[in-house]
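Descriptive analysis of the structure
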Amino acid sequence: MSDPRAAILSRLRARHPAARPLPENPVRRFDWSPQERLSRFREALAAVRGEVVLVDEDWPLRLFAWLRARGANNLRYAPATELGQELEQAWPDGEAIRLMPHREPVETCRQELFANTDAGLTGCLGAIAETGSLVLWPSVQEPRLLSLVPPLHAVVLDARNIRSTFHEFLVAEDWVGQGLPTNALLITGPSKSADIEQTLAYGVHGPKELLVLVRQDLGLAGGA
Amino acid sequence: MIPEFPVRVSQALGNERVRRNIRRTMDGLVLKRHKAFPDEHELAVLRRRGKLIRGHALAHLPDLLEELERNCQRNGIQVHWAETAAEGNALVRDILRRHGADLVIKGKSMVSEEMGLNHYLEAQGIRAVETDLGEFILQLGDERPSHIIAPAIHKDRVEIAQRFAAHFPEYPYTEDIEGLTAIARRIMREHFGRAIAGLSGVNFAVAETGTLCLVENEGNGRLCTTAPQVHIAVCGIEKVIARLDQLPPLLTLLTRSATGQPITTYVNMISGPRREGELDGPREVHLVLLDNGRSRIHGDPQLSSTLRCIRCGACMNHCPVYSRLGGHAYGTVYPGPIGGVLEPQLQGLDRLGELADASSLCGACGEVCPVRIPLPALLRRLRAEGVRGRQGSRVVGQGSRRKPLHRLIWTLWRWVNAYPSLYRGLTGLGTRLRWLMPKHLGPWTRTRSAPALAPRSLHELARSEGFRGE
Ligand code: SF4
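Presented here is an overview of the structure given in this document. This one's a predicted model, so the numbers in the text were calculated from it and none came from an experiment. (Residues numbered from 1 in each chain as written. Chains lettered and ligands numbered in written order. Predicted model: local features only at pLDDT ≥ 70, side-chain atom pairs only at ≥ 80, totals over all residues. Heavy atoms only, no water.)

What to know about the overall build of chain A
Cut-off, in case you're wondering: Helix and strand assignments come from DSSP, with helices taken as H or I runs of at least 4 residues and strands as E runs of at least 2, each series counted from the N terminus. When accessible area is computed with a 1.4 Å probe and restricted to protein chains, residues below 20% of their type maximum are described as buried, those above 50% as exposed, and intermediate ones as partly exposed. Any two residues whose heavy atoms approach within 4.5 Å are treated as being in contact. Each accessible area is a Shrake-Rupley estimate made with a 1.4 Å probe; only the visible protein chains count as cover when residues are assessed. The sign given to each residue is positive for Lys and Arg and negative for Asp and Glu; His and the chain ends receive no count. Lys charges are placed at NZ, Arg charges at CZ, Asp charges at CG and Glu charges at CD.
Helix and strand counts for chain A come out as seven helices and 12 strands. Here the C-alpha coordinates of chain A stretch approximately 70 × 50 × 40 Å along the principal axes. Of all 224 residues assigned to chain A, the portion counted as buried reaches 54%. Within chain A, counting contacts between residues at least 6 apart in sequence, those at least 24 apart form 75% of the total. For chain A, the accessible surface area stands at approximately 9,400 Å², while carbon and sulfur atoms represent 49% of it. Charged side chains of chain A number 24 positive and 28 negative; the gap between the two group centres comes to 8 Å.

Now the structure itself:
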């Protein structure tokens, strides 16, 4: 029985290119003030049709209004997170927009999730000013489909967690050292496609609209 | 049977509609890339870095593949190796069979095109559904991608609307792009809600952390890798990089070169199957590492630069030949300049050597390539090797393109140029008998007038002016 692995590796080893040092790769980052990081993040995200609003503790009300304006009937969220708690406490009207705690494995709530969920709420690890990207590390409490399947996606971001570049982000937070989650994500705007005549259409598979609620009070003074 | 290359070329040139569609897209993409790199200096630094990172990975390829395998396995990803497309296909089939899957949903993957996976699975009774919007449109008509990034650019909205109407009569006819997209979303959602297995490609495989990185705008890639029970990633062995911190420069080179985007909507970094307690994600993740000729390319010090390619498509967008022909004329999975370099190496100069001729050698591809692959130099090398062969080279089909007539002509040419009297006699004869020269010289004179020979050759004129053997 042939062993493809051994055969491939031995063919690759037959040539002996000189060992090369790891190429230099200085961390690309910018010394932007917290205020500038926020404004750049906003601009970059707006360029790809992501909406950004500044909020404080009243964020659930802002979210409610946004969902209402879009005719959403329900919101799926992660009940075991801090955000989930805050949401439950401050939600104005569970009749108008029903809160749907997301607790079950996808196998048992597939239909609900794919067919009957209007909006999803998640937190994020932070954001990237240069490209307007959100950094998500889905977890046991906050699974990955929440940010993907519902047609509307809302994210709560703490302004102090915005860094200048992706490069800075993953080095500063030592992603390699702490180990990656099953599915780290960068999300930059709603889902889109340009496959028909290179014309942008939104919401082809993922969310059609993306709202970022930025909590500013928590950190502009501190800023990393 | 796919017609010969020259036949396909004239077919392509005769199709005005496709030419218009392709041209429009290419011009748009060239402009977008141009705007995405406003700073020449930054671009130069980035391209150099991209070249070095990919070059480093290739120089250490066997070690990095082993490291990738170790770290993937530690993360719970099952790693498989395939020497050929057939082996890769069989591996995928076996995994699907084990799970009793008769349907697999697919994110965009050029490697799976290279393997001919869809047709293979179909023959085995497993349906493969493309979910990328462009690929979905093509699959409805059993067509192949004409571009590696924008697969359906040869079609316009009217054609797509008609195709949808024929396949999905339950939806009202629309030529509106948002409307067409919405129909596709509805149809594919049903598959996503149901499929047991998903398949994707890989843009970069990070050895250090055992992470598979995928970029996309639609979200179908995320769905294929998250919603089903099993995720299978197919990946060329050259896609590995050493370090996680090498991702940012490569990502920015890739997305800006491809579509002018600073970043794609989703950057998906997968480091393992569903963990204890998690509510979603596949229970198994499989990585299929495909060689299919790559290790042979790797063995050649010059040609191995082909493997630096990050599949951005910029070389085809900027290619005057591609933008007139479109991808189908090439008849291969990878068209354009990278196709002209890669395909003859994968499949042999005897079969596809003529693709290396499909270039004016204007140099645009080499200038835009984000990892600085010297595409024009490689095209020239493959052209030469097609007719002459080369010591130590392992390219398949060397010398196969040399014809007896060519051999005869070049032998005569050598003689004529080696003997001055013979040369003088022949040029003299040529100018005297110039009235015998035909007015029509094959395709050349279809749009040009035939060149006229002068009554006296330059040498003769020079001699009459008193020059002697200078
Ligand atoms: S050869 Fe260069 S320009 Fe062409 S697809 Fe590959 S990376 Fe892009």
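A look at the site of the ligand
Operational definition: A molecule or strand has a residue near it when one of that residue's heavy atoms lies within 4 Å. Polarity classes work like this: nonpolar for Ala, Val, Leu, Ile, Met, Phe, Trp, Tyr, Cys and Pro, charged for Asp, Glu, Lys and Arg, and polar for all others, with Gly in that last group.
Every residue near the ligand is listed here: C309, I310, R311, C312, G313, C315, I338, C369, P370, V371, I373 and L375 of chain B. Considered class by class, the residues forming the shell around the ligand number 10 nonpolar, one polar and one charged.

Brief notes about the sheet that holds strand β5 (residues 204–206) of chain B
The condition that has to hold: Paired strands are those between which DSSP finds at least two bridges. A fitted line through C-alpha atoms represents every axis, and for helices the fit uses only the stretch in contact; the resulting angles, taken between N-to-C directions, go from 0 to 180 degrees.
Reading across from one edge, β8(A)-β5(A)-β6(A)-β9(A)-β9(B)-β6(B)-β5(B)-β8(B) is the order of the eight strands in this open sheet, with mixed pairing throughout. Two strands in the sheet have a free side with no partner beyond their single neighbour: β8 (162–163) of chain A together with β8 (240–241) of chain B. Contacting β5, β6 (211–216), β8 and β9 (266–270) of chain B, helix α12 (residues 247–259) of chain B crosses the sheet at an angle of about 180° to β5 of chain B.

Re helix α1 (residues 5–14) of chain B
Residue and element names in this part refer to chain B. Rule in force here: Arc definition: it is the arc formed by the directions from the helix axis to the C-beta atoms.
Of the positions making up α1, those classed as buried are F5, R8, V9 and A12. Seen from one end, α1 has its buried residues packed into an arc of 105°, which puts them on one side. Facing away from the buried surface of α1 by more than 90 degrees, the exposed residues are P6 and G14. Looking at the buried positions of α1, the neighbouring elements they touch are α2 (16–36) and α15 (322–325).

Re a nonpolar patch on the surface
All names here are of chain B. Threshold: Surface patches are drawn from residues lacking salt bridges whose relative accessible area is over 30%; two like charges belong together within 9 Å, two nonpolar side chains (Val, Leu, Ile, Met, Phe, Trp, Tyr) within 5 Å. In what follows, salt bridge is the name for a side-chain nitrogen of Lys or Arg lying within 4 Å of a carboxyl oxygen of Asp or Glu.
Residues L405, L408, I409, L412, W415, Y419, L422, L426, L429, L433, W435 and L436 make up a contiguous nonpolar surface patch of roughly 1,300 Å² in combined accessible area. For the nonpolar patch, the secondary-structure elements that each account for two or more residues are α20 (404–418) and α21 (420–432). The element best represented in the nonpolar patch is α20, accounting for five residues. Its place among the elements puts L433 in the loop between α21 and α22 (458–464). You can call L433 partly exposed: its relative accessible area is 36%.

Notes on the packing of aromatic side chains
Defined as follows: Pairing of aromatic rings covers Phe, Tyr and the six-membered ring of Trp, with a centre-to-centre limit of 6.5 Å; geometry is then stacked below 30 degrees between planes, edge-to-face above 60, and tilted otherwise. Criterion for a charge above a ring: Arg CZ or Lys NZ at most 6 Å from the ring centre, at most 35 degrees from the ring normal.
With the rule as written, the count across this model stands at 11 aromatic pairs over all chains. Judged by centre distance (5.2 Å) and plane angle (75°), the rings of F64 of chain A and W91 of chain A are edge-to-face. Taken together, the residues F64 of chain A in helix α3 (residues 59–69) and W91 of chain A in the loop between α4 (82–90) and β3 (98–101) connect sequence positions 27 residues apart. Exposure remark for F64 of chain A: the relative accessible area of 10% places this residue in the buried category. Residue W91 of chain A is classed as buried on the basis of its relative accessible area, which comes to 9%. With a centroid separation of 6.0 Å and 85° between ring planes, the pair formed by F136 of chain B and F164 of chain B is classed as edge-to-face. On the criterion of sequence distance, the pair formed by F136 of chain B in helix α8 (residues 133–140) and F164 of chain B in helix α9 (residues 157–167) is long-range, its members being 28 residues apart. The class of F136 of chain B is buried, set by a relative accessible area of 5%. Through a chain of ring-to-ring contacts, three or more aromatic side chains come together here, namely W137, F166, F169 and W175 of chain A. Over the ring of F169 of chain A we find R163 of chain A; its NZ or CZ atom is 5.9 Å from the centre of that ring. Over the face of the ring belonging to W444 of chain B we find R448 of chain B, whose NZ or CZ atom lies 3.9 Å from the ring centre.

Remarks on the pairing of strand β7 (residues 152–158) of chain A
All names here are of chain A. Most of β7 sits inside the fold, with seven of its seven residues counted as buried. Burial along β7 is two-sided: L152, A154, V156 and D158 facing one way and H153, V155 and L157 facing the other are all buried. Where strand β4 (residues 119–122) meets β7, four bridges bridge the pair, whose relative direction is parallel. By the bridge assignment for β7, A119 is matched with L152. Bridge analysis of β7 against strand β12 (residues 209–215) gives seven bridges, and the strand direction is parallel. For A154, the partnering residue across the bridge sits in β12 and is L211.

Thoughts on the interface of chain A and chain B
The condition that has to hold: Summed over both partners, the accessible surface that disappears when two parts come together, traced with a 1.4 Å probe, is what is meant by buried area. Residues adjacent in sequence count toward polar contacts only when both atoms are side-chain atoms; beyond that, a polar contact is any pair of N or O atoms within 3.5 Å, and within protein one must be able to donate a hydrogen and the other to accept it.
Every contact between the two is made by 72 residues of chain A and, on the other side, 95 residues of chain B. Between chain A and chain B the total buried area reaches about 7,400 Å² when both faces are included, carbon and sulfur atoms providing 56% of it. Among the residues of chain A in contact with chain B, T182, I196 and H205 of chain A are the three that bury the most area, contributing 11% of the side total. For the pair chain A and chain B, the number of links is 12 salt bridges. The salt bridge partner of D291 of chain B is R11 of chain A, with a shortest N-O separation of 2.9 Å. The interface formed by chain A and chain B holds 44 residue pairs in polar contact (both at pLDDT 80 or more) in total. Listing elements by their share of the side of chain A that touches chain B, those giving two or more residues are α1 (4–14), α5 (106–116), α6 (166–172), α7 (175–178), β9 (183–187), β10 (192–193) and β11 (201–202) of chain A.

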